[in-house]
Amino acid sequence: MDMKHLIPIFVIFFFFMSTTSASVALAPSSSDTQSFSFSKLEGDQTFSILPTDVDPKLQKICGETDYPIECLTTTVPFLDENGAIIPVSILKVEIDAIHNKTKEAIDKAYEFSMNPSTSRLLPLCLKTCINNYNAIVESKQRIVDAISIGDANELSMELSHNMEHVFACEDEFKEAKIKSPIAELNSLLVKIITNSLTICVDMIKF
Ligand SMILES: *[C@@H]1O[C@H](CO)[C@@H](O)[C@H](O)[C@H]1NC(C)=O
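Anyway, here's the lowdown on the structure attached to this text. (Residues numbered from 1 in each chain as written. Predicted model: local features only at pLDDT ≥ 70, side-chain atom pairs only at ≥ 80, totals over all residues. Heavy atoms only, no water.)

On to helix 5 (residues 87-114). Helix length check: helix 5 (28 residues) gives 41 Å between terminal C-alpha atoms against 40 Å at 1.5 Å per residue, within 8%. Three or more residues of helix 5 are buried, namely I90, L91, V93, E94, I95, A97, I98, H99, T102, A105, I106 and A109. Against the buried residues of helix 5 lie helix 3 (56-63), helix 4 (68-75), helix 6 (122-149), helix 7 (152-176) and helix 8 (183-203). (Helix = DSSP H or I, 4+ residues; strand = E, 2+ residues; numbered from the N terminus. Expected span 1.5 Å × (residues − 1). Buried < 20%, exposed > 50% of the residue type's maximum accessible area, 1.4 Å probe, protein only. Contact = heavy atoms within 4.5 Å.)

See the structure below:
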């Protein structure tokens, strides 16, 4: 099957998703948005591992994403102290986070394929995942270039394609009826990629 046919559907889908979340976040004033995202944070256990003095600008950007907690946990430790906290700088950190988490997933997948397996299908699933992860790693430079020349279309295409790669990896396990050993990392990857798409489509004026 030609995966390229799926990309436009994904882009439209995420356009829709992000527009919906943006309209919710926009009503009725920006101060409401902030208190909304803050109360969302307080209710989560992950809050305790976050620094208590999260920059309000970062809180606002992450508060407008679908997964604010993941947005904060994957960016806060890596922010340049003197750098401006604007959507494009957060996007760049998220792109690094996608890259790092994908490499972590490759290591995990190799580890699991070395272990004596209960299913002969597991190594085959993992092989597909490793190929898909490698494609994500290879897309990084194209993403960085798209950001630097302000090519929003290319950027959403690449991010959507990366999302498909992660879903396709999980589908391998589903089809083989094996519990995915990398479900948690894949879920985190999907969340960071979704957040990156929202930042890229809704917040950056290219
Ligand atoms: C990604 O990994 C590199 C190298 O280990 C590190 O310098 C960088 O801070 C990490 N960035 C993120 C966002 O995880």
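From this point, the narrative continues.
With respect to the element layout, D55 can be found in the loop between helix 2 (30-42) and helix 3. For D55, a relative accessible area of 26% puts it in the partly exposed group. Once the C-alpha coordinates of D55 and V76 are considered, the two residues, 21 residues apart in sequence, prove to be 9.1 Å apart.

Below, the discussion takes up the site of the ligand. Every residue near the ligand is listed here: F78, V93, D96, A97 and N100. Between the ligand and N100 there is a distance of 2.3 Å, counted from an oxygen atom to a side-chain nitrogen or oxygen. Protein coverage of the free-state accessible area of the ligand, which is 360 Å², stands at 48%. (Near = heavy atom within 4 Å. Polar contact = N/O pair within 3.5 Å; in protein donor to acceptor, adjacent residues only side chain to side chain. Areas by Shrake-Rupley, 256 points an atom, 1.4 Å probe, with all protein chains shown as cover.)

What follows covers the environment of A152. Locating A152 in the fold gives a position in helix 7. Of the residues examined, A152 reaches a relative accessible area of 24% and is grouped as partly exposed. Each C-alpha atom of the pair A152 and V201 lies 7.4 Å from the other, and the pair is 49 residues apart in sequence. Residue contacts for A152: discarding those within four places in its chain leaves C200 and F206.

Right, let's get into unusual backbone geometry. The residue K177 is not glycine, and still its phi comes out positive at about 55 degrees. Take K177: it is sitting in the loop between helix 7 and helix 8. Using a relative accessible area of 77% as the deciding quantity, one classes K177 as exposed.

Counting across every chain of the model gives 2 disulfides. A sulfur-sulfur separation of 2.0 Å characterises the disulfide bridge that pairs C62 with C71. Between C62 and C71 the disulfide shows an S-S torsion of about -65 degrees. By sign, it is left-handed. The two residues C62 and C71 agree in class, both being buried. The side chain of C129 participates in a disulfide bridge whose partner is C169; the two sulfur atoms lie 2.2 Å from each other. Measuring handedness by torsion sign, the sulfur bridge of C129 and C169 sits at about 90 degrees and is right-handed. (Disulfide = S-S within 2.5 Å.)

What follows covers the side chain of T65. Looking at the secondary structure, you find T65 in the loop between helix 3 and helix 4. According to the relative accessible area criterion, T65 is buried, its value standing at 4%. Within the local environment of T65, its side chain forms a polar contact with the backbone oxygen of C62, the two atoms lying 2.6 Å apart. Other than its neighbours up to four places away in sequence, T65 contacts C71, N195, T198, I199 and M203.

Our focus in this paragraph is the environment of P87. Its place among the elements puts P87 in helix 5. The sequence separation of P87 and I199 amounts to 112 residues, and the corresponding C-alpha distance is 6.4 Å.

Moving on, we come to helix 3. L58, Q59, I61, C62 and G63 are the residues of helix 3 that are buried. At the N-terminal end of helix 3, a side-chain oxygen is found 2.6 Å from the backbone nitrogen of K57, two or three residues along, and the residue is D55.

Turning next to the nonpolar core. A general tendency of soluble globular proteins is for nonpolar side chains to be buried together. Core analysis: the biggest nonpolar cluster contains 44 residues, and L91, I98, Y133, L155, L159, F173 and I182 have the highest contact counts within it. For this core, the elements supplying multiple residues, two or more each, are helix 3, helix 4, helix 5, helix 6, helix 7 and helix 8. In terms of residue count, helix 6 provides more of this core than any other element does, 10 residues in total. Residues within four places of I98 in sequence aside, it is in contact with I136, L159, L189, I192, I193 and S196. (Core = buried A, V, L, I, M, F, W, Y, C linked by side-chain atoms within 4.5 Å.)

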